[in-house]
Amino acid sequence: MSEKALRKGNEALAEGAIRAGIRFFAGYPITPQNEVPEYMSAHLADNGGAFVQAESEVAAINMVYGAAATGTRSMTSSSSPGVSLKQEGITYLASADLPCLIVNVMRGGPGLGSISGAQGDYFQATRGGGNGDYHILVLAPNSVEELGNFPKLGIELAEKYRMPCMILADGILGQMMESMSFNFEPVDPNKLGKFSWAVDINKQGRGKSKVFSYKGDNLIADVTERAKRYGLIEKTETRYEERNCENCDVLLVAYGLSSRACLEALSLAKEQGLNVGLFRPITLWPFPSQRLAELSKRAKAVLVVEQSLGQLVQDVKLAVGNNIPVGLNAYPAGGQPDGQQILTAARSLLTGKKDGLFDLQEHAANFTYNCERDLSLGVQGDRKGGK
Amino acid sequence: MTIIAQKPKCLTDVPMHYCPGCGHGIVHRLLGETFDELGIAERVIGVAPVGCAVFADDYFACDTVQGAHGRGPAIATGVKRSKPGAIVFSYQGDGDLASIGMAEIVHAAVRSENITVIFINNAIYGMTGGQMAPTTLVGQVATTAPKGRDPKLQGWPINMCEMLAQITGSKFLARVAVDNPQNVIKAKQAIKKAFENQVNNVGFSMVEVLSQCPTNWHASVPQALEFVRTKMMPQYPLGIFKDEGAN
């Protein structure tokens, strides 16, 4: 346990990672997560670890692959476009059954997008942005306190199941300051046991360890074995937070920063005579589908609040099915949710109105579109240019 | 009875998958001999590439990591920084090292990572069936350069040792060949030096090996050896391009 202190999200995360026994970090500068590699560069070596500023996101995640192969608690952090670049390494880490911590302090996308906090990478995180059949664990903190304490949870889960774990934060959580404390004693990684699978030196006849990604003829067996772990994780490792979920009319579902705006909505709702609850998934994969399905039988409607254009809502609909109406209150591309707007959408769900609810088909209802080639601009055929 | 030659202890008994006449097997043996002779067998961790040597991890008796195409130097960096007592080598082909992994090899040299890189240059993509490599010679026919490499379309071959020699962090750079016994002996000396450097914390060392690929060159083994001598060596002269470990 540590004393309460005012900490910036990204710095709490970095300090929490060092306290969790992370001893290898590789990263590349990108806003809004720069405090993480900066903090690591200042403090990791003093704690007996190694910091490398990599030449690219691709190199950084592959350095983590090498470090994780030795059994060292290893980590990289980035923000959305950088995490896209890391996907190659993430699918290789999954295939080689390597535990590590990957942090995404999300910003607006697609592409270079913006540097505002956003939640547009839900699909990428939970569906696997790289090739092949695999999952990674995904933890979604909603406070500086959780940012500081999730690295330990994340690396322990990653090691337990031999797979990467992502902490999916966003630019606002990373940049904001809150009072927080670490709820665990610092881990001394030198006192942790070794892994039989890790590559090592001076093994004194313990036999050869091979960390590898090409499975060839063994691939089917490899992938189906891993799927058993995935099933076990779905059954035992879902985490979530509930507020007034069992007796509410409208059940809000939100993770990360969006859930903070939902807390505002919950307090406003009392004043306005609305009965609203909040279900906050903490693990996005595994998604707490079963609990959400149970709760949806008691509410009149579910409202998903997300800072993206209909990503989280898909998992909610899969869980809830046709039990009750599921609405979406969306703030894509760096938009910030607001308690009153959330309540407007919640009220719409109960009264059959549309205010505050996003539906893609209605959004595009009277939309016409034309983007054709124009012969009056000339023809494409001349590839030489000039004279 | 006196044993005058035997398989290095650092190689496994697994039959190699390499094509007849290929240079990989020779280089593997030289690595195994080097580990045995330097007494570093218990400390070696190898990094295998994507390409013809993707199964190299089966052939070395040491612990191994096999990762993504071109990322060997980054993976080796992670291993070495986490296990500073390890002797880490990255084994890579020319597509792996000089094309898709160009950034990783250059920056491993820039940081002077204390690792050893073995770079097999056979001027072609072997595993995928003979496509043009960054090291393919001008005029050399490849499946993606059916009329031969034309510098106007595909540029010129890249000389990695000469390029990396410009980088302060490169401490040992040698180009060798395995086309005849004399050159094999010289290759062994260079490889041994590149590992001695790592033992002595000298910094980034790389040995480029000109290797024959009879299969994808559509040549007999003697023809392939002749191609190394008469076509590759003029473009890729043998020698030591940097040796700052001696001081």
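Residues numbered from 1 in each chain as written. Chains lettered and ligands numbered in written order. Predicted model: local features only at pLDDT ≥ 70, side-chain atom pairs only at ≥ 80, totals over all residues.

Draft legend 1. Region of the structure containing the nonpolar core. Counting residues in hydrophobic clusters, the biggest one holds 188 residues, and the most contacted among them are A:Val64, A:Leu101, A:Leu252, B:Val79 and B:Val209. No other element matches the 10 residues that helix α3 (residues 57–69) of chain A contributes to this core. When residues of this core are assigned to domains, at least three fall in each of domain 1 (5–189 + 215–236) and domain 2 (241–363) of chain A. With residues near it in sequence (within four places) discarded, A:Leu101 still touches A:Ala17, A:Ile22, A:Met75, A:Pro151, A:Gly154, A:Ile155, A:Ala158, A:Cys165 and A:Ile167. (Core = buried A, V, L, I, M, F, W, Y, C linked by C-beta atoms within 7 Å. Buried ≥ 20, exposed ≤ 12 C-beta atoms within 10 Å, placed from the backbone. Helix = DSSP H or I, 4+ residues; strand = E, 2+ residues; numbered from the N terminus. Domains from an automatic or database assignment. Contact = placed C-beta atoms within 7 Å.)

Draft legend 2. The arrangement of the interface of chain A and chain B in detail. Taken together, the contacts link 31 residues of chain A with 27 residues of chain B. Looking at the side of chain A that touches chain B, the elements with two or more residues in it are β2 (24–27), β3 (50–53), α3, α4 (80–95) and β9 (210–211) of chain A. Among the elements that take part in the side of chain A that touches chain B, α3(A) stands out by supplying eight residues, more than any other. As judged from the two bridges shared by β9(A) and strand β2 (residues 63–66) of chain B, these two strands associate in the parallel manner. Across the sheet, A:Val211 pairs through a bridge with B:Val65, a residue of β2(B). (Pairing = 2+ DSSP bridges.)

Draft legend 3. Quick look at the sheet that holds strand β11 (residues 250–253) of chain A. Residues and elements named next belong to chain A. Sheet architecture is open: five strands sit in the order β10-β12-β11-β14-β15, paired in mixed fashion. Edge strands, defined here as strands with exactly one partner in the open sheet, are β10 (240–243) and β15 (326–330). Across this sheet, the average inter-strand angle for adjacent strands is 20°, counted without regard to direction. Sheet analysis places β11 next to strand β12 (residues 276–281), joined by four bridges and oriented parallel. By the bridge assignment, Leu251 is partnered in β12 with Gly277. Set on the sheet, helix α9 (residues 256–271) makes contact with β10, β11, β12 and β14 (301–306); between it and β12 the angle comes to about 165°. (Axes fitted to C-alpha atoms, helices over the stretch in contact; angles between N-to-C directions.)

Draft legend 4. Broad picture of the pairing of strand β5 (residues 100–106) of chain A. All names here are of chain A. Among the seven residues that make up β5, seven are buried, leaving the element largely enclosed by the rest of the structure. The alternating pattern of β5 places Cys100, Ile102, Asn104 and Met106 on one face and Leu101, Val103 and Val105 on the opposite face, and all of these are buried. Taken together, the four bridges between strand β4 (residues 74–78) and β5 define a ladder with parallel strand orientation. Bridge pairing links Ser77 to Val103 in β5. Bridge analysis of β5 against strand β7 (residues 164–170) gives seven bridges, and the strand direction is parallel. Paired with Ile102 across the strands is Met166, a residue of β7.

Draft legend 5. Structural detail: helix α10 (residues 289–296) of chain A. Residues and elements named next belong to chain A. Three or more residues of α10 are buried, namely Leu292, Leu295 and Ser296. Mapping the buried residues of α10 onto a view down its axis gives an arc of 100°, with all of them on the same face. Structurally, α10 contributes buried residues whose contacts are with β11, β12, β14 and α11 (312–320). (Arc of directions from axis to C-beta.)

Spatial relationships are all this shows, so hold off on functional conclusions.
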